[in-house]
Amino acid sequence: MTQDYSQPMISGELGSNSPNAAVERNYYARGMHVPALFEIDGNPIPALVGEFGSPLFVFSEHALRNKARHAREAFKRRYPKTSFAWSFKTNNLQSVCQILRQEGWIAEVVSDFEYEKARHLGFAGPEIVFNGPYKPRHILQRAIDEGALLHIDNWDELNLVEELVKDRRQPLDVGIRIWLDAGIRPVWSKFGFALANGEAERAADRIVKNPKLRLHTLHTHIGTYILAPDAYRTATQKLLALRDVIHSKHDHLIECLDLGGGFPSNSLLHSMTGPAEQVVPPIEAYADAITEVLNKLPEKKRPLLRLESGRHIVDEAGYLLTTVVAVKGINRPRAEGESLSARDYKEQLISGADSKVNYIADAGINLLYTSAWYRFDVRPSRMVAEPPVPSRVYGSLCMAIDVIREHVDLPPLAVGDVLSVHPVGAYNISQSMQFIAYRPAVVLIDESGKPELIRAAETLDEVQRLERLPSRLAEK
Ligand SMILES: Cc1ncc(COP(=O)(O)O)c(C=O)c1O
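For clarity, every value in this text was computed on a predicted model and none was experimentally measured. (Residues numbered from 1 in each chain as written. Predicted model: local features only at pLDDT ≥ 70, side-chain atom pairs only at ≥ 80, totals over all residues.)

1. Notes on the overall build of the protein
Inference 1: Per the secondary structure count, the protein includes 16 helices and 20 strands.
Inference 2: By residue count, 41% of the 476 residues in the protein fall in the buried class.
Inference 3: Look at the contacts in the protein between residues 6 or more apart in sequence, and 71% of them connect residues 24 or more apart. (Helix = DSSP H or I, 4+ residues; strand = E, 2+ residues; numbered from the N terminus. Buried ≥ 20, exposed ≤ 12 C-beta atoms within 10 Å, placed from the backbone. Contact = placed C-beta atoms within 7 Å.)

Dropping the structure here:
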């Protein structure tokens, strides 16, 4: 080796600092074609947009039921005493909640709005698990009267619950939420009682000693998109250890362990390279981690296992279809006489060869809140027989942070091209904002392949329905 040998900067080239470095050196490394997505459950994408408008959320009932059944089987085969509760916050569309209800899910809610929604849909009180750090008094009272399972979050809530149950004849079943270190960083410590310093044990002691309450569940939710199944093994062991302590102190065997949600969908974060199927562990790995611990217990001591998986169940069932409304950038095929915009000029000066083709899509981060973290798969809906080039997909909002994909290789596209954005079934509908634009229609494709409208696009009347204009302001 000569003195002036310098090591190749492999990690720098392939790391997140320069995602295009490797492909820039070998143009064809990008592949000649970006895979297109032509249809969803037999419905050509341009036809869906033609019928229901653009942008458009599309849900596949087939994909949703399949994913739910797969998860259910993965757990029930290993541990028959498993029950699932649907996390309304992950997706609160009535049709989605109702499909999961048909699949045997109960409801998991975290607010008065979600509680009322679950009841309105027909979930009975005992079919509702009520989480969350703030349950207003009126809804706590209703949930108690209707027999929902409260997961108590903090001492002030425990004080209030004790006050509300003091005249009951029968004890009320309740759970407590607990936060613990399962090896995941950051540790979610906002919710529940701390395990490590004995706080959770003290809360459990107090509940067990109250004749008006019965401690039914120990609950934890360690985070979301957890890629380490072993974290669940740790969480299960830690909750079981507390259950043992309570059993030996009070001769009360807690009936249920609720391990929350957090299992990942086949999605990627921005910093990750895929494919997601290779990065994300299968649900069976999570089922093994949890049930191996539970199955070591003598049969009589095995608790009911409850899971509140959200993202894993619904994310891949959801697509957003969005149309290209403008093309910008140096690499835009330019008509004669068109000059460079300021942005193009800046890119030419500053970024040089790294400049991209920029597309403006008719949907923005008002509909895709999770695009801040997740690297959605963006595909054209027709075959374009030209090599892909570095591109960026901007959203339609008049704000600089509205970018759906900062780096994505796409073939040259034109105004009017429809893109699919996937998977977007988790959290995007429930966190969507009515900011600047109307929220679009949502369609569900049933198992026979028929698309049905399940939420109409917003209109001015709908959006303004709750506003009141004082008469003195009505005239100019
Ligand atoms: C208490 C609780 N359970 C379940 C979920 C669903 O989580 P996930 O979508 O990661 O499965 C959440 C989400 O934050 C939650 O807070």
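Read on for the rest.
2. A few points about the environment of L397
Inference 1: Relative to the assigned elements, L397 resides in the loop between β16 (389-394) and β17 (403-410).
Inference 2: You can call L397 partly exposed: it has 18 C-beta atoms within 10 Å.
Inference 3: In this structure L397 touches G364, I365, N366, D402 and I436, once residues within four positions along its chain are discounted.

3. Quick word on the nonpolar core
Inference 1: V58 and I128 are the most contacted members of the largest nonpolar core, which has 115 residues in total.
Inference 2: The dominant element in this core, judged by the number of residues it contributes, is helix α4 (residues 61-78), at six residues.
Inference 3: When residues of this core are assigned to domains, at least three map to each of domain 1 (24-58 + 317-456) and domain 2 (61-313).
Inference 4: Ignoring any residue separated from it by four or fewer positions in sequence, one finds V58 in contact with I40, L48, Y319, L321, V443 and I445. (Core = buried A, V, L, I, M, F, W, Y, C linked by C-beta atoms within 7 Å. Domains from an automatic or database assignment.)

4. Considering the site of the ligand
Inference 1: Around the ligand lies a shell of 17 residues, among which T224, G261, E308, G310 and R311 are the nearest.
Inference 2: Residue classes in the shell around the ligand are distributed as two nonpolar, 11 polar and four charged. (Near = placed C-beta within 6 Å. Nonpolar A, V, L, I, M, F, W, Y, C, P; charged D, E, K, R; others polar.)

5. Description of the packing of helix α10 (residues 230-250) against helix α12 (residues 283-294)
Inference 1: Orientation of α10 relative to α12, taken along the N-to-C sense of each, is 25°, at an axis distance of 8 Å. Here α10 is positioned roughly parallel relative to α12, judged by the angle of their axes. Pair α10 / α12 crosses with right-handed handedness. On α12, the residues that touch D230, Y232, R233, T236, Q237 and L240 of α10 are Y286, A289, I290, V293 and L294.
Inference 2: Residues belonging to the contact of α10 with α12 are distributed by class as follows: seven nonpolar, two polar and two charged. (Axes fitted to C-alpha atoms, helices over the stretch in contact; angles between N-to-C directions. Parallel < 35°, antiparallel > 145°, perpendicular 65-115°, else oblique. Left-handed = near helix turned anticlockwise from the far one by under 90°.)

6. Considerations on the confidence of the model for the protein
Inference 1: Of all residues in the protein, 88% attain a pLDDT of 70 or more, and the chain-wide mean is 91.
Inference 2: Of the regions scoring below 50 in pLDDT, residues 7-28 engages in 14 contacts with residues more than four places distant in sequence or in other chains. (pLDDT = per-residue confidence, 0-100.)

7. Focus on the packing of α4 against helix α5 (residues 94-102)
Inference 1: Relative to each other, α4 and α5 sit at 40°, their axes nearing to 10 Å. By the angle between their directions, the pair α4 and α5 is classed as oblique. For the pair α4 and α5, the sense of crossing is right-handed. In contact with E61, L64, R65 and A68 of α4, α5 contributes V96, I99 and L100.
Inference 2: Grouping the constituent residues of the contact of α4 with α5 by class yields five nonpolar, no polar and two charged.

8. Details of the pairing of strand β5 (residues 106-109)
Inference 1: Burial along β5 is two-sided: I106 and E108 and A107 and V109, pointing in opposite directions, are all buried.
Inference 2: For the handedness criterion, the β-α-β arrangement of strand β4 (residues 82-87), α5 and β5 is classed as right-handed.
Inference 3: Pairing of β5 with strand β6 (residues 128-130), which is carried by three bridges, proceeds in the parallel orientation. Residue pairing for β6: E108 is matched across the bridge by V129.
Inference 4: Traced from β5 through helix α6 (residues 112-121) to β6, the parallel crossover comes out right-handed. (Right-handed = clockwise from strand over helix to strand, strands pointing away. Pairing = 2+ DSSP bridges.)

9. Some details on the environment of V49
Inference 1: Structurally, V49 is set in helix α3 (residues 45-52).
Inference 2: Each C-alpha atom of the pair V49 and T323 lies 8.8 Å from the other, and the pair is 274 residues apart in sequence.
Inference 3: Setting aside chain neighbours within four positions, we find V49 in contact with S54, L56, L321, T323 and V418.

10. Quick look at the environment of F84
Inference 1: Relative to the elements of secondary structure, F84 occurs in strand β4.
Inference 2: The class for F84 is buried, based on 23 C-beta atoms found within 10 Å.
Inference 3: Residues F84 and A71 lie 13 residues apart in sequence; the distance between their C-alpha atoms is 9.6 Å.
Inference 4: Once residues within four sequence positions are removed from consideration, F84 is found in contact with R72, G104, W105, L307 and S309.

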